[in-house]
Amino acid sequence: GPKVLQIPSHQIIDMGQMVTLNCDPVSNHLYFYWYKQILGQQMEFLVNFYNGKVMEKSKLFKDQFSVERPDGSYFTLKIQPTALEDSAVYFCASSGQGARNTEVFFGKGTRLTVV
Amino acid sequence: SQLAEENSWALSVHEGESVTVNCSYKTSITALQWYRQKSGKGPAQLILIRSNEREKRNGRLRATLDTSSQSSSLSITATRCEDTAVYFCATDAPNAYKVIFGKGTHLHVLP
């Protein structure tokens with residue numbers, strides 16, 4: 001079936017450094033999402049993105065976070081600077097329509113460890 | 001804030017038995033979605049049940065929706081060890097393009 005690819009699968013980074021998480025969404029999908037999951041806990045919505053713009057972001061989407069998808073390439077989540085509490089698994093997702101009433105496809109996640 | 005919540009943190013059954021995971025939600029919805037997340041993987045949608053539907057099936061899975069009590073259930077028959085996973089219910093948020101997950105139910109299917 002359709003796949004969302006996330007690169008890298010693991011990333012270890014020093015606190016204060018910048019990190020970029022990459023996502024290759026399902027071809028022809030128009031809506032993109034990032035979620036954060038701390039080990040064993042709930043999937044928390046961070047942000048959604050459509051037509052080159054952020055539509056909505058949660059309180060977890062701090063000022064240090066940014067997203068973009070330049071020229072239809074990877075959909076990226078950048079954290080600059082990173083903090084210890086940013087350690088989590090970040091899931092990218094995409095859908096053909098908005099998340100209502102449609103299937104949302106998730107990647108396998110990028111495990112980010114900030115040390 | 002959470003819009004949907006599963007009623008059990010963890011369940012254990014033996015292979016071959018049936019199991020039901022329940023979920024309650026707080027707002028009006030257009031659809032409720034059930035996801036499964038296996039260890040080390042992303043969530044995968046199992047069933048999407050729309051607000052005008054009462055029941056939906058997908059192989060050994062059966063989801064029900066009761067909009068009057070704002071609750072849903074996911075039943076799995078003839079469970080297998082590979083059904084071991086965390087099961088989430090998720091709702092679409094009012095006037096927003098996102099899915100909000102519950103905390104999940106950890107299901108262990110024992111041999």
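Position numbers for residues start from 1 in each chain and track the written sequence from start to end. Whichever chain is written first is A, and whichever ligand is written first is 1; the rest continue in order. Selection of residues for local features in this predicted model requires a pLDDT of at least 70, selection of side-chain atom pairs for listing and counting requires 80 or more, and totals for whole chains, interfaces and linings are taken over all residues. Side-chain descriptors were evaluated using all non-hydrogen atoms of the structure, hydrogens and water having been removed beforehand.

Caption draft 1: Main features of the side chain of Ser95 of chain A. We count a stretch as a helix when DSSP gives it H or I for four or more residues in a row; a strand needs E for two or more, and each element gets its number in order from the N terminus. Mapped onto the secondary structure, Ser95 of chain A falls in strand E9 (residues 88-95). Between two residues, a contact is recorded if the distance between any of their heavy atoms is within 4.5 Å. In contact with Ser95 of chain A, not counting residues within four places along its chain, are His29, Leu30, Tyr31, Tyr33, Thr102, Glu103 and Val104 of chain A.

Caption draft 2: Quick peek at the state of the cysteines. The term disulfide is used for any two cysteine sulfur atoms that are within 2.5 Å. This structure, assessed with the given rule, holds two disulfides over all chains. Paired through a disulfide, Cys23 of chain A and Cys92 of chain A show a sulfur-sulfur distance of 1.9 Å. A torsion of -65° about the S-S bond marks the disulfide between Cys23 of chain A and Cys92 of chain A as left-handed. With Cys23 of chain A in strand E3 (residues 19-24) and Cys92 of chain A in strand E9, this residue pair connects regions lying 69 residues apart in the sequence. Residue Cys23 of chain B pairs covalently with Cys89 of chain B via a disulfide, S to S 2.0 Å. Because the sign of the S-S torsion sets the handedness, a value of about 75° for the bond joining Cys23 of chain B and Cys89 of chain B places this disulfide among the right-handed ones. Of this pair, Cys23 of chain B sits in strand E3 (residues 19-25) while Cys89 of chain B sits in strand E9 (residues 85-92), placing them 66 residues apart in sequence. Look at Cys89 of chain B and you get buried, because its relative accessible area is 0%. Throughout this description, buried means an accessible area under 20% of the type-specific maximum (1.4 Å probe, protein chains only), exposed means over 50%, and partly exposed covers the range between.

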